[in-house]
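Chain by chain, the residues run as shown.
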Amino acid sequence: MYTKEQMKDVHPDYAANIDRWRLYADSYEGGAAYRHGEYLFKYQLETMGEYEQRLHETPLENHCRRTVDSYSSFIYGANIERTYGSIENNPNLQPFLKDADLDGRSYSSFIRESGKFASIYGAVWIFVDKPESNAGTRAEELGQGIRPYVSLVSPENVLDWKYERQPNGYMQLVYVKVRIEQDKDAMKCKLYFPNMTQTVLVRNDKSAPIVLDEVPNALGEIPCVVLYNNRTFKHGIGLSDLADISDIQRSIYSDYSEINQLIKLSNHPTLVKTLDTEAAAGAGAIITMPPELAGDLKPYLLTPSGQNISTLLDTINRKVEAIEKMTHLDSVSGQRSARSGVAMLIEQKALASTLSDKASNLQLAEEQIWRLWCLWEGTSWDGEVYYPDSFDTRDRQQDLLNLKIANEIG
């Protein structure tokens, strides 16, 4: 029996990273999710209505999505080879490749999407599970469509986990708590152990948590693979591609809000007048002043200088250049033309190295997924997954142009 305190406990690394994970997810999604995150700084004395209006009027230049999608397009634009070895003729293989998560996604689409989410969060959790069956034979199991499937869980829903070092030195995952449902009244969690899996319901009232079901784990290990974007020193925590980009994107977002405010104030100046003066600030407006009004109290307009707009635009351009440098996409973006051949080559090598590291992590995760899949099928994995380790992003037309110029100058 679990206590409510035990079920509400979260891993220290979860508590330390949850706010950043939500920022990364909102920064990639953009649109309404970013507006609802309220990532604009609120002015002093600004009402909530004015703040919400600023949120709806401020555009988002989404560099985070561009970065993640660009990396993914480079990796999956290359040739990825998979050989399945002894499971080539397994009757469950083709159904799994066509519908890997029992939700209509093919295996290749699932892995590609998992790689994108790993790029966003730094790491994602992939569970390789199999529905419980009362079939007595293999034929009955195949007839019922019982087969292994994969499910992707974001770090926002993996509340707690624990690794233990085994006698052979291997760090084994021995406990995972996943939030699978939550509403205003209750939360449903799934607890994974090497010997069993439990589903627990935790209500928001004073009642004790209820174990809804308990299923033995036939594998003897938690069927989970952590797909890392880049490794850190902590298990279950990866390094996101958006760790620094999201902060610069948020800064650009605030700059656009300032530009919008400056344009509105410049085009619609503030009219300063006494209470008794009848006037409007629109074009062709007539101002009626009382005869006894003192000369130093005549109405006037307050119009801010628009020179700051060009300064803000220049600042935005510099921040965009910083993002291009940080992501090594400067050499393929075409944003700047004044670049030496050596600088372009260095940028291309840095980008190729980043893509190679990401591909290696995807290859390792796929091999672990297939190992668990084969365990559920009662066999061993002897196939191979090969991601290319070289990503040449050089511009062939530019290379030919450079060669032509070199020949002309001898």
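The shown structure was predicted, so the numbers you read here are calculated from the model rather than taken from an experiment.

## Here's the deal with the pattern of salt bridges
- Considering all chains together, one arrives at 16 salt bridges under this definition.
- A salt bridge links D247 to R20; the nearest nitrogen and oxygen atoms lie 3.1 Å apart. Placement of D247 in helix α9 (residues 245-267) and of R20 in helix α2 (residues 12-29) is noted, with a sequence separation of 227 residues between them.
- For D247, a relative accessible area of 34% gives the class partly exposed.
- R20 gets classed as partly exposed once you look at its relative accessible area, which sits at 27%.

## A closer look at the pairing of strand β6 (residues 186-192)
- The element β6 is extensively covered by neighbouring structure, given that five of its seven residues are classed as buried.
- Looking at chain direction, strand β5 (residues 171-182) and β6 are connected through six bridges and run antiparallel. Residue pairing for β6: V178 is matched across the bridge by K190.
- Here β6 runs beside strand β7 (residues 196-203); their pairing, made up of seven bridges, is antiparallel. When the sheet's bridge partners are listed, Y192 is paired in β7 with T197.
- Joining the antiparallel neighbours β6 and β7 is a turn of three residues.

## Some points on the side chain of H63
- Examined against the element boundaries, H63 turns out to sit in helix α5 (residues 63-76).
- Take H63: its relative accessible area is 7%, and that puts it in the buried class.
- Filtering out sequence-adjacent residues up to four positions away, H63 remains in contact with I245, Q249, I252, V320 and I323.

## Overview of the sheet that holds strand β9 (residues 224-228)
- In spatial order, the strands read β3-β2-β9; together these three strands make up an open sheet with antiparallel pairing. Each edge of the open sheet is held by one strand with a lone partner, namely β3 (149-153) and β9. Within this sheet the neighbouring strands show an average axis-to-axis angle of 25°, counted without direction.
- As defined by bridge partners, strand β2 (residues 123-129) adjoins β3 across five bridges and the pair is classed as antiparallel. Across the sheet, the residue bridging to V128 is V150, located in β3.
- Contacting β2, β3 and β9, helix α7 (residues 107-121) crosses the sheet at an angle of about 145° to β2.

## Side note on the environment of V68
- Mapped onto the elements of the fold, V68 is located in helix α5.
- For the pair formed by V68 and F117, sequence separation is 49 residues and the distance between their alpha carbons is 8.8 Å.
- Other than its neighbours up to four places away in sequence, V68 contacts Y28, K116, S119, I120 and L242.

## A word on a nonpolar patch on the surface
- Taken together, the side chains of L401, I405 and I409 define a hydrophobic patch exposed on the protein surface, amounting to about 300 Å² of accessible area.
- Mapped onto the elements, I409 comes out in the segment after α13 (396-408).

## Structural notes on the packing of α5 against α7
- Two elements in contact, α5 and α7, have axes separated by 10 Å at closest approach and are oriented at 140°. Taken as axis vectors, α5 and α7 run oblique relative to one another. Read as a crossing pair, α5 and α7 show a hand that is right-handed. Taken together, the residues of α7 that come into contact with α5 (itself represented by V68, D69, Y71, S72, S73 and Y76) are I111, R112, K116, S119 and I120.
- Its residues assigned to classes, the contact of α5 with α7 comprises five nonpolar, three polar and three charged.

## Looking at the sheet that holds β5
- Strand order in this open sheet of five strands is β4-β5-β6-β7-β8, and the pairing throughout is antiparallel. The open sheet has two free edges, formed respectively by β4 (158-165) and β8 (210-216), since each of these has just one partner strand. Strand-to-strand twist in this sheet, taken as the mean axis angle between neighbours without regard to direction, amounts to 15°.
- Summarising the sheet, β4 and β5 pair through seven bridges and their orientation is antiparallel. Bridging across to β5, E164 finds its partner in Q172.

Criteria and cut-off values
Residues numbered from 1 in each chain as written. Predicted model: local features only at pLDDT ≥ 70, side-chain atom pairs only at ≥ 80, totals over all residues. Heavy atoms only, no water. Salt bridge = Lys/Arg side-chain N within 4 Å of Asp/Glu carboxyl O. Helix = DSSP H or I, 4+ residues; strand = E, 2+ residues; numbered from the N terminus. Buried < 20%, exposed > 50% of the residue type's maximum accessible area, 1.4 Å probe, protein only. Pairing = 2+ DSSP bridges. Contact = heavy atoms within 4.5 Å. Axes fitted to C-alpha atoms, helices over the stretch in contact; angles between N-to-C directions. Patch = residues over 30% accessible without salt bridge, like charges linked within 9 Å, V, L, I, M, F, W, Y side chains within 5 Å. Areas by Shrake-Rupley, 256 points an atom, 1.4 Å probe, with all protein chains shown as cover. Parallel < 35°, antiparallel > 145°, perpendicular 65-115°, else oblique. Left-handed = near helix turned anticlockwise from the far one by under 90°. Nonpolar A, V, L, I, M, F, W, Y, C, P; charged D, E, K, R; others polar.

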